[in-house]
Amino acid sequence: MMRKSIKNMTLSAMFMAIGIVLPFFTGQIPRIGNMLLPMHIPVFLCGLICGWQYGAAVGFILPLLRSSIFGMPVLFPTASAMAFELMTYGFVAGFLYNRSRWQCIVALYRSIVAAMLSGRVVWGIVQIIFMGISGNAFTWKAFAAGAFLNAVPGIVLQLVLLPTVMVALNRTGLVKFRKHQTVQAESTR
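Here we summarise the structure given alongside this text. (Residues numbered from 1 in each chain as written. Predicted model: local features only at pLDDT ≥ 70, side-chain atom pairs only at ≥ 80, totals over all residues. Heavy atoms only, no water.)

## Examining the overall build of the protein chain
To keep it simple, the criterion reads: The numbering of helices and of strands both runs from the N terminus, where a helix is a DSSP run of H or I of at least 4 residues and a strand a run of E of at least 2. Radius of gyration: over C-alpha atoms. The globule rule applied is 2.2 Å multiplied by the number of residues raised to the 0.38 power. Note on exposure labels: buried denotes an accessible area under 20% of the residue type's maximum, exposed denotes more than 50%, and partly exposed covers the range between, all computed with a 1.4 Å probe on protein chains only. Contacts are assigned to residue pairs with any non-hydrogen atoms lying within 4.5 Å of each other. Only the protein chains shown count as covering a residue, and every accessible area follows the Shrake-Rupley method with a 1.4 Å probe.
A count of helices and strands for the protein chain gives nine helices and zero strands. Secondary structure of the protein chain in N-to-C order comes out as α-α-α-α-α-α-α-α-α. What you see for the protein chain is a C-alpha radius of gyration of 17 Å, in line with the 16 Å of a compact globule of 189 residues. Its C-alpha atoms give the protein chain principal-axis dimensions of roughly 60 × 35 × 30 Å. Taken across its 189 residues, the protein chain has 41% of its residues classed as buried. In the protein chain, 70% of the contacts between residues at least 6 apart in sequence involve partners at least 24 apart. Of the roughly 10600 Å² of accessible surface on the protein chain, a fraction of 71% belongs to carbon and sulfur atoms.

## Side note on the environment of Cys-50
With respect to the helices and strands, the residue Cys-50 is situated in helix H3 (residues 40-50). A C-alpha to C-alpha distance of 7.6 Å links Cys-50 and Gly-94, two positions 44 residues apart in sequence. Setting aside its immediate chain neighbours within four residues, Cys-50 contacts Asn-8, Leu-11, Ser-12, Phe-15 and Leu-45.

## Considering the packing of helix H4 (residues 52-70) against helix H5 (residues 75-99)
Where we set the bar: Helix axes are fitted to C-alpha atoms over the stretch in contact, other axes to C-alpha atoms as well, and angles between N-to-C directions run from 0 to 180 degrees. Comment on the angle field: the value is read as roughly parallel under 35 degrees, roughly antiparallel over 145, roughly perpendicular from 65 to 115, and oblique elsewhere. By definition, turning the near helix anticlockwise from the far helix through less than a right angle yields a left-handed crossing, and turning it clockwise yields a right-handed one. Three classes are used, and their members are as follows: Ala, Val, Leu, Ile, Met, Phe, Trp, Tyr, Cys and Pro are nonpolar, Asp, Glu, Lys and Arg are charged, and the others, Gly among them, are polar.
Here H4 crosses H5 at 165 degrees, and the two axes come no closer than 7 Å. As summarised for this structure, H4 and H5 are arranged roughly antiparallel, according to the angle between their axes. The chirality of how H4 crosses H5 is right-handed. Considered class by class, the residues forming the contact of H4 with H5 number 14 nonpolar, seven polar and one charged.

## A look at the packing of aromatic side chains
Test applied: Think of it this way: a Phe, Tyr or Trp ring, Trp meaning its six-membered ring, pairs with another when their centres are within 6.5 Å, and the plane angle makes it stacked under 30 degrees, edge-to-face over 60, tilted otherwise. Counting as a charge over the ring demands two things of the Lys NZ or Arg CZ atom: a distance within 6 Å of the ring centre and an angle within 35 degrees of the ring normal.
Within this structure, the stated rule accounts for six aromatic pairs. Ring plane angle 80 degrees and centroid distance 5.2 Å describe the contact between Trp-52 and Phe-91, whose orientation is recorded as edge-to-face. Of the two residues, Trp-52 sits in helix H4 while Phe-91 sits in helix H5, which places them 39 residues apart along the sequence. Judged by its relative accessible area of 29%, Trp-52 falls in the partly exposed class. Aromatic side chains Phe-91 and Phe-95 sit 5.6 Å apart centroid to centroid with 15 degrees between the ring planes, which places their arrangement in the stacked category. Here Phe-91 and its partner Phe-95 are both found in helix H5, four residues apart, which amounts to about one turn of the helix. Each member of the aromatic cluster is reached from another via a ring pair, and the members are Trp-52, Phe-91 and Phe-95. Over the face of the ring belonging to Phe-24 we find Arg-66, whose NZ or CZ atom lies 4.7 Å from the ring centre.

## Remarks on the nonpolar core
Cut-off, in case you're wondering: For this analysis, a nonpolar core means a set of buried residues of the types Ala, Val, Leu, Ile, Met, Phe, Trp, Tyr and Cys, connected via side-chain atoms within 4.5 Å.
Judged by nonpolar contacts, the single largest core of 33 residues is most densely connected at Phe-44, Leu-45, Leu-48, Ile-49, Tyr-97, Ile-112 and Met-166. Those elements that provide at least two residues to this core are helix H1 (2-21), H3, H4, H5, helix H6 (105-133) and helix H8 (152-172). With eight residues, H3 is the largest single contributor of residues to this core. In this structure, Val-126, Met-131, Phe-138 and Phe-143 belong to the second largest nonpolar core, which totals eight residues.

## Side note on H6
Which entries qualify depends on this criterion: The length a helix should cover is 1.5 Å for every residue beyond the first.
Its 29 residues place the ends of H6 41 Å apart at the C-alpha level, agreeing with the 42 Å of an ideal helix rising 1.5 Å per residue. Remark: Gly-135 follows H6 within two positions and exhibits a positive phi of approximately 85 degrees.

## Focus on the packing of H3 against H8
Running from N to C, H3 and H8 point in directions that differ by 40 degrees, and their axes come no closer than 11 Å. Judged by the angle between their axes, H3 and H8 are oblique. Crossing geometry of H3 relative to H8 is assigned as right-handed. Side by side, H3 and H8 meet where His-40, Ile-41, Phe-44, Leu-45, Leu-48 and Ile-49 of the first sit next to Leu-157, Gln-158, Leu-161, Leu-162, Val-165, Met-166 and Leu-169 of the second. Looking at side-chain class alone, the contact of H3 with H8 contains 11 nonpolar, two polar and no charged residues.

Interpretation note: all reported values are geometric properties and have no functional meaning in isolation.
Right, here's the structure in full:
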């Protein structure tokens, strides 16, 4: 048990480091960085591989840490809202995937899509609160543009890259898909 905890903490630190460095590849052109969503990928992977606790922690800390070190994204409201959004991604993806009866591509896609939708809803709610605090309005048009329309390339990238990485990790034996789960209730019937 202790060994698994140390492994998960180490992997979480690696995902945190990847999340700090990855935006540099798109950061020179902020519009492209906003579309490709580079910090989301390591948070999803952390939740899927290490579990919801680690995914949620990395998701919450990552944008705040990156903002305090590099000033990007801006701490309020961008990085603060992203902290709740990414925390939701790591939590939902990890929770649903690890609770799936079979860990396979279908369960992976279900977990990712559910996490994407719930994370964007949480981001919208937090933006409404933060914009209200600062005296600005957050409209449905701004929500649709920020959560979905501008993020389409990043969403597509995540839907292609995340399963590809998980399948590659399964093939190498580093992260195994679980074919079936023994259920006590079904075996006693």
